[in-house]
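Single-letter residue listing:
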Amino acid sequence: MLDIFLGSLTELLEPYALLLILGSGIVGLIVGTLPGLNAAMAVAIILPLTYGMSPEVGLAVLVAVYIAGLSGGMVSAVLLNMPGTPSSVATTFEGYPMAMRGEAVKALGTCALASFFGGILSLGILIAFAPLISKFAIRLTPADYFSISFMALALVAVLARGAAINGYFSALLGLLIGTVGFAPLDGTARFTFGSVSLMAGFSVVPVMIGLFALSQVLREIYSDSPPLKINLAVKGVGVSIKDIFSNGWNIIRSSLIGTGIGILPGVGGTASNMIAYGVAQQSSKTPDNFGKGTTEGLWASESANNASIGGALLPLITLGIPGDGVTAILIGAFMIHGLQPGPLLYVENPQIISSIYAAFLLIAVFVLVFQFATLRIFPKVLGIPSNYLMPIIVVFSVLGAYATDFNTFDVWVMIFIGLFALLMSRFGLPLAPFVLGFVLGPIVETSFRRALMMSDGSYSVFISSPVSLIFILISLAIFVLPILKHLRSK
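Residues numbered from 1 in each chain as written. Predicted model: local features only at pLDDT ≥ 70, side-chain atom pairs only at ≥ 80, totals over all residues. Heavy atoms only, no water.

## Describing a nonpolar patch on the surface
A grouping of Leu121, Trp249, Ile252 and Leu256 is seen on the molecular surface, where their side chains present a nonpolar patch of about 410 Å² in accessible area. Counting residues per element, the nonpolar patch draws most heavily on helix H12 (residues 248-263), which supplies 3 residues. Its location among the elements puts tryptophan 249 in helix H12. Taking the relative accessible area as the measure of exposure, tryptophan 249 reaches 56% and is therefore exposed. (Patch = residues over 30% accessible without salt bridge, like charges linked within 9 Å, V, L, I, M, F, W, Y side chains within 5 Å. Areas by Shrake-Rupley, 256 points an atom, 1.4 Å probe, with all protein chains shown as cover. Salt bridge = Lys/Arg side-chain N within 4 Å of Asp/Glu carboxyl O. Helix = DSSP H or I, 4+ residues; strand = E, 2+ residues; numbered from the N terminus. Buried < 20%, exposed > 50% of the residue type's maximum accessible area, 1.4 Å probe, protein only.)

As structure tokens, this is what we get:
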């Protein structure tokens, strides 16, 4: 396999292929940086251009767009408190406070390295354990999916940063927003009030743009603060070797979380970076620093973000099952080139798989180099007066919300959620639990109902499965340990 991989790497390093891959990477970075646009959109745009390419080069180009698109979301998350992609939500919690302190270069440098390490670790897992992990993942039952998702929801207590009641209430609001539309499995219309537009529910992208981009614009309207002074005289990339080694376990743990969550269909990077962030906060020796601009949170969220790519590619390559929206598009790309992803792909076309691995490695290195080269360019955005910058952001936000389904209703959803987020901040309700509830709510409900249908309504199905039982016990521990810690401090 090593010979095939080296051959694919050599083929992709030829000028024609390399130019296409690097150009696609730049497109992905630009799309990922703009609030509202995402990697799936970039891959869908580039897909028709790959028809005339060889299967190896065409799939490599799409993988490059995918990886670069997720990596680009950190820029606006750090500088503007607006995640460029839904996968960069947790990056805003620490990146923006650091930027407000004048440490934008250090925040971006940390994110760039974290994304690189997370991607490379997930690539190693993808190469070494792809068939084994996919065989395990395919055996997970709906009860297992429910328990895993429920464990993620239990992290609400951690993400609330000490205000547990506010955190649970915020998560409840996210769950309620997620129930709008047709119910899973039986298709019952809920909270639609007779509106056809509400029957499909709320899309993730307009909700995320409203929560972070539009609400931030509204906050800036009432702010009279002068443009920030950014410290650009930072040595190197603002990250020392000591910083990397001190966060070594954090990076590995978050990358494993990102890869594991990425494998689960329908969950993806949006949840993985939030879960990794919550676990990092719970495991930290200084949890009170989270939310104030600590690099621990950045290492966790960005490592998990890019590691979820390797996780999503695992079931695609080995089983032909998409892990997220982008890999669903990639299945179409395989079929366009006369290929069928799955177990036989390893036997019949091993060079295709090695090309994907080689493209993954190439674009990860390129993105790191590109982000390092622009570390002192992008922070200058913070020096632009708000009366010039905010209208531009609003335009891109409206375009991003509309481009999701080319539906003006999504623009109204974005405006409503933006005003709602502003109201939440006035009452001290954190946004992180809301996001977790909104993203995981439909997954938890669907898995719960499927498990009960398969067990004829017996709740014992959630403890009869070893995997489900383990994650339920972990969930209980997450709920109970903070209470015990509080009582011990008393």
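Here the narrative resumes.
## A few points about the nonpolar core
With 57 residues, the main nonpolar core has Phe202 and Leu211 as its most contacted residues. No other element matches helix H20 (residues 431-454), which puts 12 residues into this core. One finds Leu47, Leu62, Ala312 and Leu314 within the second-largest nonpolar core, a separate group that totals 53 residues. (Core = buried A, V, L, I, M, F, W, Y, C linked by side-chain atoms within 4.5 Å.)

## As for the packing of helix H10 (residues 204-221) against H20
Between H10 and H20, whose axes approach to 12 Å, the crossing angle comes to 175°. Of the possible angle classes, the one that applies to H10 and H20 is roughly antiparallel. The residues of H20 that touch H10, namely those facing Val204, Val207, Met208, Leu211 and Phe212, are Leu431, Phe434, Val435, Phe438 and Val439. The residue makeup of the contact of H10 with H20, split by class, is 10 nonpolar, no polar and no charged. (Axes fitted to C-alpha atoms, helices over the stretch in contact; angles between N-to-C directions. Parallel < 35°, antiparallel > 145°, perpendicular 65-115°, else oblique. Contact = heavy atoms within 4.5 Å. Nonpolar A, V, L, I, M, F, W, Y, C, P; charged D, E, K, R; others polar.)

## Overview of the pattern of salt bridges
Scanning the entire structure with this criterion turns up 3 salt bridges. Notably, a salt bridge pairs glutamate 103 with arginine 101, separated by 2.9 Å at the nearest N-O pair. Look at arginine 101 and you get partly exposed, because its relative accessible area is 45%. The salt bridge involving arginine 449 is made with glutamate 445; its shortest N-O contact spans 3.6 Å. Remark: glutamate 445 and arginine 449 occur in helix H20; sequence separation between them is 4 residues, near one turn of the helix. Salt bridges sharing partners connect three or more residues here, namely Arg190, Glu445 and Arg449.

## Let's talk about the environment of proline 466
Along the polypeptide, proline 466 turns up in helix H22 (residues 466-489). Taking the C-alpha atoms as reference points, proline 466 and aspartate 144, 322 residues apart in sequence, are found 8.6 Å from one another.

Note that every value here comes from positions in space, so none of it alone points to a role or purpose.
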